[in-house]
Amino acid sequence: MGILSYQLILLWAALVSCQYEDYDFEDEYGGEPEQLPYYFNPNTQVEAPRFPFPVECAKECFCPPAFPLSMYCDHRKLKTIPNIPSHVQQLYLQNNNIEAVPAGPFTNATFVREINLSYNNIKFHMIDHGVFAKLSNLVQLHLQHNELEEFPSPLPSSLERLLLGFNKISRLPGNALEGLPNMTMLDLCNNLLDDSVFKEKPFSNMNNLMQLNLGNNKLQTMPPDLPPSLQHLSLENNSISHIPENYFNRLPQIIALRMSHNNLQNIPHDTFNLPNLLELHLGHNKLKQVFYIPRSLQHLYIEDNEIENINVTVMCPALDPLHIKQLTYIRVDQNKLTSPISSYAFFCFPLIRTIYYGEQNVSGSRPSQLRTPVFRRFLTAEELQEAEDNQETLNQETEEDHEAEDSYFHPYYH
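## Observations regarding the pattern of salt bridges
Side chains carrying opposite charge are able to pair once their charged atoms draw close together. For the structure shown, the criterion picks out five salt bridges. For Glu-279, the salt bridge identified is with Arg-258, shortest N-O distance 2.8 Å. Of the two residues, Glu-279 sits in strand S10 (residues 279-281) while Arg-258 sits in strand S9 (residues 256-258), which places them 21 residues apart along the sequence. Between Lys-288 and Glu-306 there is a salt bridge, with its nearest N and O atoms 2.9 Å apart. Of the two residues, Lys-288 is situated in the loop between S10 and strand S11 (299-301) and Glu-306 in the loop between S11 and helix H3 (312-315); the sequence distance between them amounts to 18 residues. Using a relative accessible area of 42% as the deciding quantity, one classes Lys-288 as partly exposed.

Encoded structure:
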């Protein structure tokens, strides 16, 4: 083999190895960059077929030489899905006018691993039965921002990430999520789901599920029988008024919990006594009391509630110098506080750096501001300058900005 041929082979191998990119959830939902990195399941890896240049590409699409396993058909006003060459592993069809998903274009799509069909006009009855289930190497499927009225089952057992947000799904058949042992992330935000979807325990057998987004639905109660593998749970923008006692005993691995914009009034004292909880969003509810803060928690958001006094002893009943609490940030604006938090908080939470008081809704016609709208400590000169810059930005934010901040799934939960 000549030297030139050998160099071309090395170049092709380098280009193929560089084409995999993590999906950024923020691109689709405009949320905070808190999504965990996504790693392909090694059990579903497939070897790319060998093929000479130039690679085949649908005439309606673009197949860049730098990423020979990807086909870009997005933002092209397409009404139908073009035929997919057999070598394609990443297929991008978002932002088109596609209404149907027939089986024909996928006949040769043996190696496809990611399909993005978001921002189209697809309805459930226009998806050929089993069209996705036949794609045995598919690990990521985007169907958010469509017209789906039902869950698009059946799906392949290889699937790991499924995004169905911003559709019209109102029910989850009991078998809809069966046979998906590799599923780690499921987004069902902004649909029409109510408490009736839990009667058949649709999530109970998803033993590897780590991220679940049920925000912006019609839930009135906490979803039962969630898998203990969950790490990120989003339930914001529902109508949940109560968290049952010991509810989170089954979910010991929760890292981030988002329940802002609900109707919560009272929370049992040790509801959030979770060993791994880092981030807790409870803003825009009707809370009147604070609750126990676990050692692991770092960020607490309880803005826009009805709290008149923050009882630090309830949050921290005892001091433990060997196991100090990790809380560093509290947001308490838009409550009914008339005085800052007791200085005892700095013994209980020695790592605390910022308490954002903002404006308070004390009785009267106008919101009032505490003498110290923001408290900060232990900042270096560089951190202080950054904090001041951030404060200027925060002072310019509107209520809409705050709501946008809470709209995540990050993902995994935003």
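After that view, the rundown keeps rolling.
## Here's the deal with the confidence of the model for the protein
Any residue range with low pLDDT should be treated as having predicted coordinates unsuitable for detailed reading. Residues at a pLDDT of 70 or more form 77% of the protein, whose mean pLDDT is 83. Across residues 396-414, confidence stays below pLDDT 50; counting only partners more than four residues off in sequence or on other chains, it has 70 contacts.

## Things to note about the environment of Ser-368
Counting through the fold element by element, Ser-368 comes out in strand S15 (residues 368-369). By relative accessible area, Ser-368 is classed as partly exposed at 30%. As for Ser-368 and Thr-338, which are separated by 30 residues in sequence, their C-alpha atoms are 8.7 Å apart.

## Looking at the environment of Arg-295
Inspection of the secondary structure puts Arg-295 in the loop between S10 and S11. Residue contacts for Arg-295: discarding those within four places in its chain leaves His-323, Ile-324, Lys-325 and Gln-326. At a separation of 3.4 Å, a polar atom in the side chain of Arg-295 contacts the main-chain carbonyl oxygen of Ile-324.

## Considerations on the packing of aromatic side chains
Scanning the model with the defined rule gives six aromatic pairs in all. Look at Phe-248 and Phe-272: their rings are 5.8 Å apart centre to centre, the planes differ by 45 degrees, and that puts the pair in the tilted class. Taken together, the residues span a long stretch of sequence, with Phe-248 in the loop between strand S8 (232-234) and S9 and Phe-272 in the loop between S9 and S10 at a distance of 24 residues. The exposure class assigned to Phe-272 is buried, which follows from its relative accessible area of 1%. Taking the centre distance of 5.2 Å and the plane angle of 65 degrees together, the rings of Phe-272 and Phe-291 count as edge-to-face. Here the residue Phe-272 occupies a position in the loop between S9 and S10, and Phe-291 occupies one in the loop between S10 and S11, the gap between them amounting to 19 residues. Ring pairing ties together the aromatic residues Tyr-247, Phe-248, Phe-272 and Phe-291, which thus form one cluster.

So, how was this worked out
Residues numbered from 1 in each chain as written. Predicted model: local features only at pLDDT ≥ 70, side-chain atom pairs only at ≥ 80, totals over all residues. Heavy atoms only, no water. Salt bridge = Lys/Arg side-chain N within 4 Å of Asp/Glu carboxyl O. Helix = DSSP H or I, 4+ residues; strand = E, 2+ residues; numbered from the N terminus. Buried < 20%, exposed > 50% of the residue type's maximum accessible area, 1.4 Å probe, protein only. pLDDT = per-residue confidence, 0-100. Contact = heavy atoms within 4.5 Å. Polar contact = N/O pair within 3.5 Å; in protein donor to acceptor, adjacent residues only side chain to side chain. Phe/Tyr/Trp six-rings, centres within 6.5 Å; stacked < 30°, edge-to-face > 60°.

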